[in-house]
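What the coordinates show
Chain residues, written in single-letter form:
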Amino acid sequence: LKPINPINKSDAFESKALKYFENTNDREFYELENEKFRYVGALVTKKECLNCHAAQGYKVGDIRGGISISFSTEEYNKVINSLKDQTFHAKIVFTTLAIVLTLLIHKQLKQTYNLGLEVQNRTREINNTKNILQHILDADRSFLFVLDDTKIVMANKTMLNFFGYKTVEEFSKDHEHISDMFEKNDSGFYLQHFMNGEHWIHYLQREQAYKNLKVKLKSNNVQKIFKPSAKEVSIDNK
């Protein structure tokens, strides 16, 4: 602002920049001016500067001037316009992708929702079928139960009430098989858990047409004799 060498006198823009440096902590100042880009970078006094300028009252950290440059903004404007065009195109691409993604998500959510409804309906149908079957089983006064191989999966109230249980799940907690409840008997006509090493269900299926097989069951000190029969039903190869 007060140059020793008049040739270094600042113009209006440079003076504005130097005053800006004095009032702020910034070290750079620039403006677009009449199709020109103008820039001033602050010259900060360093220790090595004092070798020549200490006598002029310079102190470390002082800003005594700046380096000023300027150039045409034509190329700058070309770059800016190009960036704007690229940004515009990028926005179009991004917006398109966002719309496509939203539609795909909506489609997926709709499919998931429809699948959920289908599962609910199917589950309801299965439960209804199971309830109907249970009512049919409960209507019979005989012992009726359904096995998956040797595991009880369904049983009627007649059987459960006889042993003092409300559900198959309760019964299964205490007994792995109904044959756990068979009374011991050495007669070959009374079924035991294993018959000659073979599970009684498999033995019964093979021999029921040829032998008068029986089962002794006891509950609450009441012993009863039953004539069992078994029928294999194949569902889904089970």
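A few points on the structure. Just so it is clear, the model here is predicted, and its values are computed rather than measured. (Residues numbered from 1 in each chain as written. Predicted model: local features only at pLDDT ≥ 70, side-chain atom pairs only at ≥ 80, totals over all residues. Heavy atoms only, no water.)

Here we take up the overall build of the protein chain. Along its length, the protein chain carries 6 helices and 9 strands. A compact globule built from 238 residues would reach a C-alpha radius of gyration of about 18 Å, whereas the protein chain, at 48 Å, exceeds it by more than 25%. Projected onto the principal axes, the alpha-carbon positions of the protein chain cover approximately 130 × 45 × 30 Å. Residue burial in the protein chain is summarised as follows: out of 238 residues, 23% are buried. Positive and negative side-chain charges of the protein chain, numbering 34 and 30 respectively, have mean locations separated by a distance of 4 Å. (Helix = DSSP H or I, 4+ residues; strand = E, 2+ residues; numbered from the N terminus. Rg over C-alpha atoms; globule rule 2.2 N^0.38 Å. Buried < 20%, exposed > 50% of the residue type's maximum accessible area, 1.4 Å probe, protein only. Lys, Arg positive; Asp, Glu negative; His and termini not counted. Charge placed at Lys NZ, Arg CZ, Asp CG, Glu CD.)

The tally for this structure, following the rule as stated, stands at 13 aromatic pairs. Here the aromatic rings of phenylalanine 162 and phenylalanine 163 are separated by 5.1 Å at their centres, their planes lie at 85°, and the arrangement is edge-to-face. The buried category is assigned to phenylalanine 162, whose relative accessible area is 13%. Phenylalanine 163 gets classed as buried once you look at its relative accessible area, which sits at 9%. Three or more aromatic residues link up through ring pairs in this structure, and these residues are Phe143, Phe162, Phe163, Tyr165, Phe171 and Phe226. The ring of tyrosine 190 has lysine 216 sitting right over it, with the charged end atom 4.9 Å from the ring centre. (Phe/Tyr/Trp six-rings, centres within 6.5 Å; stacked < 30°, edge-to-face > 60°. Lys NZ or Arg CZ within 6 Å of the ring centre and 35° of its normal.)

All right, on to the sheet that holds strand 2 (residues 36-44) then. Strands pair in a sheet through their backbones, by hydrogen bonds, and they do so in one of two ways: parallel or antiparallel. Taking strand neighbours across the sheet as the criterion, the 3 strands line up as 1-2-3 in an open arrangement whose pairing is antiparallel. The open sheet is flanked by strand 1 (28-33) and strand 3 (63-72), the only strands paired with a single partner. Direction aside, neighbouring strands of the sheet carry axes that sit 20° apart on average. Across 6 bridges, the pairing between strand 1 and strand 2 is antiparallel. Counterpart to phenylalanine 29 in the pairing with strand 2 is valine 40. (Pairing = 2+ DSSP bridges. Axes fitted to C-alpha atoms, helices over the stretch in contact; angles between N-to-C directions.)

Turning our eyes to something else, we now look at helix 1 (residues 12-23). In this model helix 1 runs 17 Å from its N-terminal to its C-terminal C-alpha over 12 residues, within 8% of the 16 Å that 1.5 Å per residue would give. All buried positions along helix 1 are accounted for by Phe13, Glu14, Ser15, Ala17, Leu18 and Phe21. Contact partners of the buried residues in helix 1: strand 1, strand 2 and strand 3. By the N-cap criterion, in which a side-chain oxygen at the helix start approaches the backbone nitrogen of a residue two or three places on, helix 1 is capped by aspartate 11, the distance to phenylalanine 13 being 3.2 Å. (Expected span 1.5 Å × (residues − 1). Contact = heavy atoms within 4.5 Å. Polar contact = N/O pair within 3.5 Å; in protein donor to acceptor, adjacent residues only side chain to side chain.)

Nonpolar side chains collect at one region of the surface, where Leu32, Leu43, Ile67, Ile69, Phe71 and Tyr76 lie side by side and expose about 560 Å² of accessible area between them. The greatest single-element share of the nonpolar patch, amounting to 3 residues, is contributed by strand 3. Considering the arrangement of structural elements, one finds phenylalanine 71 in strand 3. Judged by relative accessible area, which is 41%, phenylalanine 71 ranks as partly exposed. (Patch = residues over 30% accessible without salt bridge, like charges linked within 9 Å, V, L, I, M, F, W, Y side chains within 5 Å. Areas by Shrake-Rupley, 256 points an atom, 1.4 Å probe, with all protein chains shown as cover. Salt bridge = Lys/Arg side-chain N within 4 Å of Asp/Glu carboxyl O.)

Turning our attention to the side chain of glutamate 14. As for its placement among the helices and strands, glutamate 14 is situated in helix 1. Among residues more than four places away in sequence, those in contact with glutamate 14 are Lys9, Arg38, Val40 and Ser68.

Here we come to the environment of asparagine 34. Relative to the elements of secondary structure, asparagine 34 occurs in the loop between strand 1 and strand 2. Relative accessible area serves as the criterion here: at 71%, asparagine 34 is assigned to the exposed category. The spacing of asparagine 34 and phenylalanine 226 is 192 residues in sequence and 111 Å in space, taken between C-alpha atoms.

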